[in-house]
Amino acid sequence: MAAPADGSTAPVPEFLAVRGRRVACLDFGGPGAPVAALHGHFGRGRLYGPLAAALAPGHRVIAPDLRGHGLTGGGGPFSLDEYVADAAALLGALGLGPVPVVAHSTGGVIAYTLAARHPELVSALVIEDIGAVTDRPVVGHPVLDVSGWPTRAADREALRREIESRGIPDATYFLDSAEPDAEGGGWRLLFSPRELMESQRAMCGDFWDQWLGSSCPALLLRGEHSSMLPAAHAREMTARRAGTALREFAGCGHWIHDDAPEAYAGAVREFLAGR
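Residues numbered from 1 in each chain as written. Predicted model: local features only at pLDDT ≥ 70, side-chain atom pairs only at ≥ 80, totals over all residues. Heavy atoms only, no water.

Strand order in this open sheet of 8 strands is 1-2-4-3-5-6-10-11, and the pairing throughout is mixed. Strands at the two margins of the open sheet, each flanked by one partner only, are strand 1 (14-18) and strand 11 (244-249). Adjacent strand axes in the sheet meet at a mean angle of 25 degrees, parallel and antiparallel pairs treated alike. Of the pairings in the sheet, the one linking strand 2 (residues 21-27) to strand 4 (residues 59-64) comprises 3 bridges and is antiparallel in character. (Pairing = 2+ DSSP bridges. Helix = DSSP H or I, 4+ residues; strand = E, 2+ residues; numbered from the N terminus. Axes fitted to C-alpha atoms, helices over the stretch in contact; angles between N-to-C directions.)

Take unusual backbone geometry next. A cis amide bond links Gly-76 with the next residue in sequence, Pro-77, at an omega value of 5 degrees. For Pro-77, the location among the structural elements is in the loop between strand 4 and helix 2 (80-94). Gly-97 connects to Pro-98 through a cis peptide bond whose omega is 0 degrees. Note on placement: Pro-98 falls in the loop between helix 2 and strand 5 (99-104). The backbone of Phe-42 sits at a positive phi, close to 75 degrees, despite the residue not being glycine. Take Phe-42: it is sitting in the loop between strand 3 (33-38) and helix 1 (49-55). The phi torsion at Asp-129 lies on the positive side, around 55 degrees, for a residue other than glycine. Along the chain, Asp-129 turns up in the loop between strand 6 (122-128) and strand 7 (152-153). Residue class for Asp-129 comes out buried when judged on its relative accessible area of 0%. (Buried < 20%, exposed > 50% of the residue type's maximum accessible area, 1.4 Å probe, protein only.)

A word on helix 4 (residues 156-164). Those residues of helix 4 lying buried are Ala-158, Leu-159, Arg-160 and Ile-163. Buried residues along helix 4 sit in contact with strand 7, helix 5 (172-175), strand 8 (178-180) and strand 9 (187-189). The backbone nitrogen of Glu-157 has a side-chain oxygen 3.2 Å away, supplied by the residue at the start of helix 4, namely Asp-155. (Contact = heavy atoms within 4.5 Å. Polar contact = N/O pair within 3.5 Å; in protein donor to acceptor, adjacent residues only side chain to side chain.)

In this structure, Val-101, Ile-110, Leu-114, Val-122, Leu-125, Ile-127 and Trp-211 are the most contacted members of the largest nonpolar core, which totals 45 residues. With 7 residues, the top contributor of residues to this core is helix 2. Beyond its immediate sequence surroundings of up to four residues, Trp-211 is in contact with Tyr-112, Ile-127, Ala-132, Ala-218, Met-237, Arg-241 and Thr-244. With 43 residues, the next largest nonpolar core counts Trp-149, Leu-189, Leu-196 and Leu-219 among its residues. (Core = buried A, V, L, I, M, F, W, Y, C linked by side-chain atoms within 4.5 Å.)

Pairs can form between side chains of opposite charge once their charged atoms are near each other. Enumeration according to the criterion identifies 16 salt bridges in this entry. Across the salt bridge formed by Arg-160 and Asp-170, the nearest N and O atoms sit 3.3 Å from each other. Separated by 10 residues along the polypeptide, Arg-160 in helix 4 and Asp-170 in the loop between helix 4 and helix 5 bring together distant segments of the chain. Look at Asp-170 and you get partly exposed, because its relative accessible area is 46%. When the shortest N-O distance is used, the salt bridge between Arg-166 and Glu-162 registers 2.8 Å. On the basis of relative accessibility, which here comes to 39%, the residue Arg-166 falls in the partly exposed class. The exposure class of Glu-162 is partly exposed, given its relative accessible area of 35%. One network of salt bridges, in which partners are shared, links Arg-156, Glu-157, Arg-160, Glu-164 and Asp-170. (Salt bridge = Lys/Arg side-chain N within 4 Å of Asp/Glu carboxyl O.)

So, to be careful, I would describe these as geometric facts and stop short of saying anything about function.
As structure tokens, then:
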């Protein structure tokens with residue numbers, strides 16, 4: 001897979017045929033041991049650029065855009081089964097496994113389910129701020145209502161204003177999945193709000209069996225102010241699954257990798273050392 005020779009953290013994505021769709025995949029390059037990285041809802045693989053830089057040269061991060069996200073085509077259907085099958089097929093197509101899998105939010109549910117169903121592909125897990133239950137009553141507001149969001153605006157800042165007018169304090173995370181629209185002009189979101197509503201609802205549930213279904217080492221990361229992973233639930237997940245460590249980050253919310261990037265990267269790097 002092509003990767004930048006200059007060590008930059010924004011490689012050009014390679015497009016692979018995976019289960020009948022065109023999947024965008026970023027290989028951040030380097031001589032180190034491969035690590036797969038799975039983003040959450042509304043994200044894309046390039047969010048792992050800072051982590052890739054922090055882990056180099058010991059580890060080489062490979063991060064796809066999940067179905068319905070980023071530059072990966074094909075839309076749905078959206079379900080845990082489909083997401084996991086995509087991840088397994090991608091690793092197979094790349095000739096990878098077993099590898100550590102680092103994942104955020106919904107990507108974390110995909111990752112620990114992948115480990116349960118395909119232990120030959122996953123050697124370790126780093127799960128950022130998601131639980132074994134992703135629905136009420138454990139999570140008070142499991143679905144972000146984006147049904148009325150704009151998909152285009154005159155420029156990036158206009159798109160920011162439109163999104164933030166819907167009650168989002170800071171739209172930066174979502175704007176990472178926006179690009180200039182070469183055909184229509186202005187800027188556009190790379191995800192469909194309708195599809196992401198469908199995906200969010202499909203990924204709400206009780207996934208204890210999947211969380212407990214693997215035995216590889218795992219690191220669970222939780223933000224102190226997380227709305228998705230209550231402290232008591234994180235402790236229960238750690239206590240019930242052997243080989244799992246919990247790391248909590250003061251002052252952080254759901255996006256630990258943005259709120260405390262150095263501490264986040266340090267925790268991942270320490271866990272992966274020697275793996």
